[in-house]
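Survey of secondary and tertiary structure
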Amino acid sequence: MAIISIEGNAKQLVLTVQEYSLFAWRAFLNLFRPPIYVVDFLLQSDIIGFGSIPICVLSGFFTGGVLALQSAATLASFGATAVTGRFVALTMFRELGPVLTGVMVSGRNASSMASELGSMVVTEQIDAMRALGVDPLRKLVTPRIFACITMLFFLTILSDFMGILGGAFVTVFMNHQNGTQYFSMAWESLRYPDVIQGLVKPLFSGYIIASIGCFYGLKTTGGTQGVGRATIQAVVWSSVFIIVADFFVTRIMLFIFS
Amino acid sequence: MNTLPPSGQSGQNIVLTEETQAPVLEFQHVTISFEGPPVLSDVSFTVAPGETRILLGPAGVGKSVLLKLANGLLRPDSGSIRLFGEEIATMPEEQLFPLRKRIGMVFQEGALFDSLTVRDNVAYQLIQQRVADEEIDERVREALTFVGLEETFSLYPSSLSGGMRRRVAIARAFIHHPELLLYDSPTGGLDPVTSTTIIELIVKERDVHRTPSLLVTHRIQDAFTLCTHHFDKEKNAMVPLPKGTIDLGTTFLMLDEGRMLFDGSLHDLVNSSNDFVREFLE
């Protein structure tokens, strides 16, 4: 019985990967083909971008702060507290800024997309849209992907900036170090490859969040309980894939800039 | 309007006359299943121009599935479905969208977009086609007047009753003057008075525009009302046909356990010797 269950789950997993690959490919191609729903794009940009500003500001600020707190104790033992700014800036720009922003936005928006589209599926609104001659993939999915990629790019910049401010706050007001030195070290340590690496990642994360959120939403079955399941799967898998994609993008970037 | 006494054989002649025109919708040996026994098995029927076909059957026999197959929302496992003369069973989704724009579909629970106002719901297709706002407003008001809901223009679906939502869904299906109408249990779950209002709208559309339609229902009383009434334009109301006459363009199909049990006129239906048909009618 257990073997049958494993076989069934494995088949289901392969089928889901196949369905997602086809879905993601079609959604990707639609980014470059008309019709482009500009109003839907702007609406989604507002929901995804402006709506996510508070969580990105808070998570960025406190991540930078905690980096400064943690690093200060270790760096002090080497007499190198002066490089706190460098440590915070590099970590925020290269890794924590893009990844944490991606995960935070995923928690807020992949879930929202999955539940919204899932509810539309179970109330036959998606079927109604198709019956009215409108492609839900173009009307609902493409604007969300486009908006998510664009907004996550800017949210990551905001988060990086807030992280450096959070680090500065801790460095100056809690560790009683020199603020000018902190900012100077942060500024001098950053190179273009670090910035490019940090800004390429949200492009992938944005695509992952929106495509997985929409995929699980449109795949919803089983009524309201199914909407709950779709929401959980969307958040879990988009968060996991953001970290997986981060690993591969980092590897490629390090190879390119080495 | 074609009317005929329910008894008599001339109904057969009328059907033959109508069959000379190419059907709007044609199912041939259609079978579909979802991880189990077939939901529909070897189903064949046609909808001719101007014809209203009423699909009867108890709940869960695949009536809604059949309707979704009719406009390509679902794909059959085998068999052929021809819509406006084009084979849609294997047609890519992209090519189906222009065909679907020629159809009006009323879903079981209305399926209105709850984030849009009644105006935007009814005008959904027109908005996508970038029709001018003034024309949209005019056509939406006309469609809402047709279903008697002019006052709901700016409201959201959440503030409407179940019956009103169905009527808005009907207005959405009618607004672009479709070439085929599909109704999925339009009176299901409604009280008798609201059901009669909905049936009156369907009769009105049938008799005013003669749009071919396929109507799914398990309510035999609604089916009989459709057959025995017509829309009087002068009185602007649905009135009974003279005693002993029926609407000839309205015919019946009956499904049971995924198989088409019956295909014929009201006369054939009430005189059927099939046990299931007789039990269903009783």
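Think of each chain on its own: its residues are numbered from 1, step by step along the sequence as written. All chains are assigned letters beginning with A, and all ligands numbers beginning with 1, in the order in which they are written. Per-residue local features are limited, in this predicted model, to residues with pLDDT of at least 70; the limit for side-chain atom pairs, both in listing and counting, is 80 or more; totals at the level of whole chains, interfaces and linings are taken over all residues.

So, about the overall build of chain A. In this description a helix means any DSSP run of H or I spanning at least four residues, a strand means any run of E spanning at least two, and both kinds are numbered starting from the N terminus. Each helix and strand in chain A was counted, giving nine helices and zero strands. Walking chain A from its N terminus toward its C terminus, one meets helices and strands in the order α-α-α-α-α-α-α-α-α. Viewed in the frame of its principal axes, chain A has a C-alpha envelope of about 65 × 50 × 35 Å. For chain A, buried positions account for 45% of its 258 residues. A fraction of 88% describes how many contacts in chain A between residues 6 or more apart in sequence connect residues 24 or more apart. Here a residue counts as buried when 20 or more other C-beta atoms sit within 10 Å of its C-beta, as exposed when there are 12 or fewer, and as partly exposed otherwise, the C-beta atoms being derived from the backbone. A pair of residues counts as a contact when their C-beta atoms, built from backbone coordinates, are within 7 Å of each other.

Here we take up the domain arrangement of chain B. Residue and element names in this part refer to chain B. For chain B, the assigned domains read domain 1 (3-102 + 178-281) and domain 2 (116-177). Reported domain spans reflect what an automatic or database domain assignment gives. The C-alpha centroid of domain 2 is placed 25 Å from the C-alpha centroid of domain 1. Contacts between the two partners involve twelve residues from domain 1, matched on the other side by eleven residues from domain 2. In terms of residues, the side of domain 1 that touches domain 2 owes the most to one element, helix H8 (residues 192-209), which gives six residues.

Residue and element names in this part refer to chain B. Note on pairing: DSSP must find at least two bridges between two strands before they are called paired. The sheet built from four strands is open, its strands ordered S3-S2-S5-S6 with antiparallel pairing. The open sheet terminates on both sides in strands that have one partner only, identified here as strand S3 (38-47) and strand S6 (86-87). Inspection of the sheet shows strand S5 (residues 78-83) paired to S6 by two bridges, in the antiparallel sense. Directly across from Arg82, in S6, lies its bridge partner Glu87.

This brings us to the interface of chain A and chain B. Each side of the interface is counted separately: chain A has eleven residues, and chain B has 14 residues. Looking at the side of chain A that touches chain B residue by residue, the class counts come to four nonpolar, three polar and four charged. Any residue that is not Ala, Val, Leu, Ile, Met, Phe, Trp, Tyr, Cys, Pro, Asp, Glu, Lys or Arg is counted as polar, Gly included; the first ten are nonpolar and the last four charged.

Once that is clear, we can look at the pairing of strand S10 (residues 229-232) of chain B. All names here are of chain B. The pairing of S10 with strand S11 (residues 237-240) spans four bridges and is antiparallel. Directly across from His230, in S11, lies its bridge partner Val239. Taking the residues that link successive antiparallel strands as the turn, the S10-S11 hairpin has four residues, and the phi of Asn236 there is positive, at about 55°.

Residue and element names in this part refer to chain B. Every residue carries a pLDDT, the predictor's confidence in it, which falls somewhere between 0 and 100. The pLDDT averaged across chain B works out to 86; a share of 93% of its residues lies at or above 70. Across chain B, the element-wise mean pLDDT spans from 39 in helix H1 (residues 10-19) up to 95 in helix H4 (residues 118-122). Every residue in residues 4-19 is under pLDDT 50, and counting partners more than four places away or in other chains gives 21 contacts.

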